[in-house]
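Coordinate inspection notes
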Amino acid sequence: MIFGFFDESGFSDRPHVVRTWGLKGQTPLIQSAGGWKRLTAAGMVVLNAKTKRTSALFWLLQKGMHKEKMLSILNDLKKKYRRRRFTLLWDSLPAHKAKIVTHFVEENSSWLTDVRFPCYAPELNPQEYVWSGMKRKDFGNYCAPSIQSLKGKVRRVLKKRASERAFLRGCIKASGLLNAGELGEG
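Attention in this report is confined to the structure presented alongside it. For every chain, the first residue of the written sequence is number 1, and numbering continues from 1 along that sequence. Thresholds applied to this predicted model are a pLDDT of at least 70 for local features of residues and 80 or more for the giving and counting of side-chain atom pairs; totals over whole chains, interfaces and linings are not thresholded and use all residues. The side-chain values count all of the structure's non-hydrogen atoms but skip hydrogen atoms and water molecules.

**Section: the overall build of the protein chain**
Condition: Going along the chain from the N terminus, every DSSP run of H or I of four or more residues is numbered as a helix, and every run of E of two or more is numbered as a strand. Only the protein chains shown count as cover for residues, with accessible areas throughout obtained via the Shrake-Rupley method and a probe of 1.4 Å.
On a plain count of helices and strands, the protein chain comes out with six helices and five strands. Along the protein chain, helices and strands appear, N-terminal first, in the series β-β-β-α-β-α-α-β-α-α-α. Surface accessibility of the protein chain: about 10,500 Å² in total, with carbon and sulfur atoms responsible for 53%.

Pasting the structure below:
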């Protein structure tokens, strides 16, 4: 069985401000392009329950998540996982509950099961920890000069994070859903 922990997050051309330092009496300044252009990223931490291997998938969207894009993502998952049992764990975003998406999940129940996280507990989703780590470490005080450079950086960071299996396992452990023993770490 394969588990996929799915979530979305937004990235802006305005910097995600984290702690910084400056000379005493001189306030550090972060230059901003001044816009509010946004990029939405959808991501998934994937765990193979049998082998305990982790991986990650991601999709970039110019605008927010909508039911047609969600259907496209589900079709991508169908191409990749339809020969195995796949459990999709996600929140209750309106695009996830749309009739067309619900119908797709019902039609594909032979390989796909969906489980909803409680709306009051985002900390249960390991993908939330991926977003948090990216925004603090990789995007802390980063100000993109254009939406294209923001898109490029998000893509590079997501690819880098997807290959860091220890980081992904740490996100799963941080969620409290599985501990080190259950992840095969002894």
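After presenting the structure, the write-up continues.
**So, the sheet that holds strand 4 (residues 86–90)**
Rule in force here: Two strands pair if DSSP finds at least two bridges between them. Axis definition: a line fitted to C-alpha atoms, over the contacting stretch in the case of helices. Angles run 0 to 180 degrees between N-to-C directions. Should any heavy atoms of two residues lie within 4.5 Å, those residues are counted as being in contact.
Here we have five strands laid out as an open sheet, ordered 3-2-1-4-5, and mixed in their pairing. With one partner strand each, in any of the chains shown, strand 3 (54–61) and strand 5 (112–116) form the two edges of the open sheet. Here the average twist between neighbouring strands, direction ignored, is 25°. Direction of pairing for strand 1 (residues 2–12) relative to strand 4: parallel, over a ladder of four bridges. The residue of strand 4 that forms the bridge with Gly4 is Leu88. The strands touched by helix 5 (residues 147–162) are strand 1, strand 2 (38–48) and strand 3; relative to strand 3, the strand with the most contacts, the crossing angle is about 170°.

**Some details on the environment of Met70**
Mapped onto the fold, Met70 is located in helix 1 (residues 67–81). Note: C-alpha distance between Met70 and Ala42 (28 residues apart in sequence) is 9.4 Å.

**Overview of the pattern of salt bridges**
Pairing of side chains with opposite charge becomes possible as their charged atoms draw close. What counts is decided by this rule: A pairing counts as a salt bridge when a side-chain nitrogen of Lys or Arg comes within 4 Å of a carboxyl oxygen of Asp or Glu. Residue exposure (1.4 Å probe, protein chains only): buried if accessible area is under 20% of the type maximum, exposed if over 50%, otherwise partly exposed.
Overall, the coordinates contain four salt bridges when judged by the stated rule. Between Arg116 and Asp114 there is a salt bridge, with the nearest N and O atoms lying 3.6 Å from each other. The class for Arg116 is partly exposed, based on a relative accessible area of 30%. Classification of Asp114 by relative accessible area gives partly exposed; the value is 28%. Asp138 serves as the salt-bridge partner of Arg161, at 2.8 Å between the closest nitrogen and oxygen. With Arg161 in helix 5 and Asp138 in helix 4 (residues 126–138), this residue pair connects regions lying 23 residues apart in the sequence. You can call Arg161 buried: its relative accessible area is 7%. Each of Asp138, Lys160, Arg161 and Glu164 takes part in one network of salt bridges that share partners.

**Some thoughts on the environment of Trp131**
Its place among the elements puts Trp131 in helix 4. With a relative accessible area of 3%, Trp131 lands in the buried category. Each C-alpha atom, one on Trp131 and one on Phe11, is 9.8 Å from the other, the two residues being 120 residues apart in sequence. Residues in contact with Trp131, not counting those within four places in the same chain, are Asp7, Glu8, Ser9, Phe11, Ala41, Ala42, Gly43 and Leu158.

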